[in-house]
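Here are the chains, one letter per residue:
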Amino acid sequence: MRGDSAFRGENEAALQSAERAIEVCEDSGFVVWLAHSRLMHGRVVAELGDRAAGVEEMRKAYDLWAGTGAVVTTPFYLAMRAEGLALVDRTDEGLALLEQALAIVNRGGERYYESEVRRLVGVLIMQGAAKVGLDRSAEAESWLREGHRCAQSRKLRSLGLRCAISLAELWLSQGRRSEAFEVLEPAYHSVGEGAGTRDLVKARKVLATARREEVLH
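For clarity, every value in this text was computed on a predicted model and none was experimentally measured.

I would appreciate a short explanation of the overall build of the chain in the present structure.
Across its full length, the chain carries 11 helices and 0 strands. Overall, the chain shows an N-to-C arrangement of helices and strands of α-α-α-α-α-α-α-α-α-α-α. Since a compact globule built from 217 residues should have a radius of gyration of about 17 Å, the 18 Å found for the chain is in line with a globular shape. Each principal axis of the C-alpha atoms in the chain carries an extent, and together these give about 60 × 35 × 35 Å. Counting only residues that meet the buried cut, the chain has 46% of its 217 residues in that class. Considering only contacts in the chain between residues 6 or more positions apart, those separated by 24 or more positions represent 58%. Accessible surface for the chain amounts to roughly 10900 Å². Of this, 52% is attributable to carbon and sulfur atoms. Taken together, the 30 basic and 32 acidic charged side chains of the chain have centroids lying 3 Å from each other.

This is the structure in structure tokens:
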């Protein structure tokens, strides 16, 4: 299972794909790919609402993966687990996993998912701070900016869009509408297909909100 459906926001299709992949891997003894499939399955389960079960499935799948001795793509899996933990408000645990992911990135040079790891650090910092009534927006912004720079430097447009959305949402909450437009519009238009996919739909909603607020002010 490659997980494309999950990243497009097609959760039901992603769930079916993961379930089929799990069956194939169990029948054939593909332990590494079984771990991958179960982790993706858990992430979709969490997204669809059974958050505790999904988070636990991801944990077990990651342990299975780590038990094989595999290292490649580990930052990706840690980031996926951190996303799941954010859904159940376990942001401190999620941040700890992202710290591990960055350590692996810096040690091994596997940087294709670095921008998303950095974006998630910023997102979880804001989520955790809001829970206890703190303002850590400047720290979060620094992480989001760095994630955006990473994506741009590697020409990863879809990951760059995610960073731009998170930055725009933060800046809109602070009344920084022109900066939100400046970062999000080019990122949105840089992705030339998949208009109905999750991130592009969200980007349009954020841009529409920014336009409404611009008119009101």
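Any chance you could explain the packing of aromatic side chains here in plain terms?
The description of two aromatic rings rests on the distance between their centres and on the angle between their planes. A full pass over the atoms with the stated rule returns 4 aromatic pairs. A ring pair is formed by W65 and Y77, whose centres lie 4.7 Å apart and whose planes are at 70°; its orientation type is edge-to-face. With W65 in helix α4 (residues 51-67) and Y77 in helix α5 (residues 74-87), this pair connects stretches of sequence that are 12 residues apart. Assigned by exposure class, W65 and Y77 land together as buried. What links up through ring pairs into an aromatic cluster is the set W65, F76, Y77, Y112 and Y113.

Honestly, the nonpolar core in this entry has me stumped. Any pointers?
Nonpolar side chains in soluble globular proteins tend to be buried together. Among the nonpolar cores identified, the biggest contains 30 residues, and L39, L98 and V117 are the most heavily contacted of them. At the level of secondary structure, the elements contributing two or more residues to this core comprise α3 (31-47), α4, α5, α6 (91-108), α7 (114-131) and α8 (137-153). Sort the elements by how many residues they give to this core and α5 lands first, with 8 residues. Setting aside its immediate chain neighbours within four residues, V117 contacts P75, A79, L98, A101 and L102.

Rules used throughout
Residue indices follow the written sequence of each chain, beginning from 1 at its first position. Confidence filtering applies because this is a predicted model: local features only for residues at pLDDT of at least 70, side-chain atom pairs given and counted only at 80 or more, and all residues used for totals across whole chains, interfaces and linings. Water and hydrogen atoms play no part in the side-chain values, which are based on all heavy atoms of the structure. By the criteria applied, helices consist of DSSP H or I runs no shorter than four residues and strands consist of E runs no shorter than two, each listed in order from the N terminus. With the radius of gyration taken over C-alpha atoms, the globule rule is written as 2.2 Å times the number of residues to the power 0.38. Relative accessible area decides the class of each residue, using a 1.4 Å probe on protein chains only: under 20% of the type maximum gives buried, over 50% gives exposed, and in between gives partly exposed. A contact between two residues is defined here by any heavy atoms of the two lying within 4.5 Å. All accessible areas in this document rest on Shrake-Rupley with a 1.4 Å probe, and a residue is counted as covered only by the protein chains that are shown. By the counting scheme adopted, Arg and Lys are positive, Glu and Asp are negative, and His together with the chain ends is not counted. Think of each charge as sitting on NZ of Lys, CZ of Arg, CG of Asp or CD of Glu. Aromatic pairing here means that ring centres of Phe, Tyr or Trp (its six-membered ring) are within 6.5 Å. Orientation follows from the plane angle: under 30 degrees is stacked, over 60 is edge-to-face, and everything else is tilted. What is meant by a nonpolar core is a set of buried Ala, Val, Leu, Ile, Met, Phe, Trp, Tyr and Cys residues, joined one to another through side-chain atoms within 4.5 Å.

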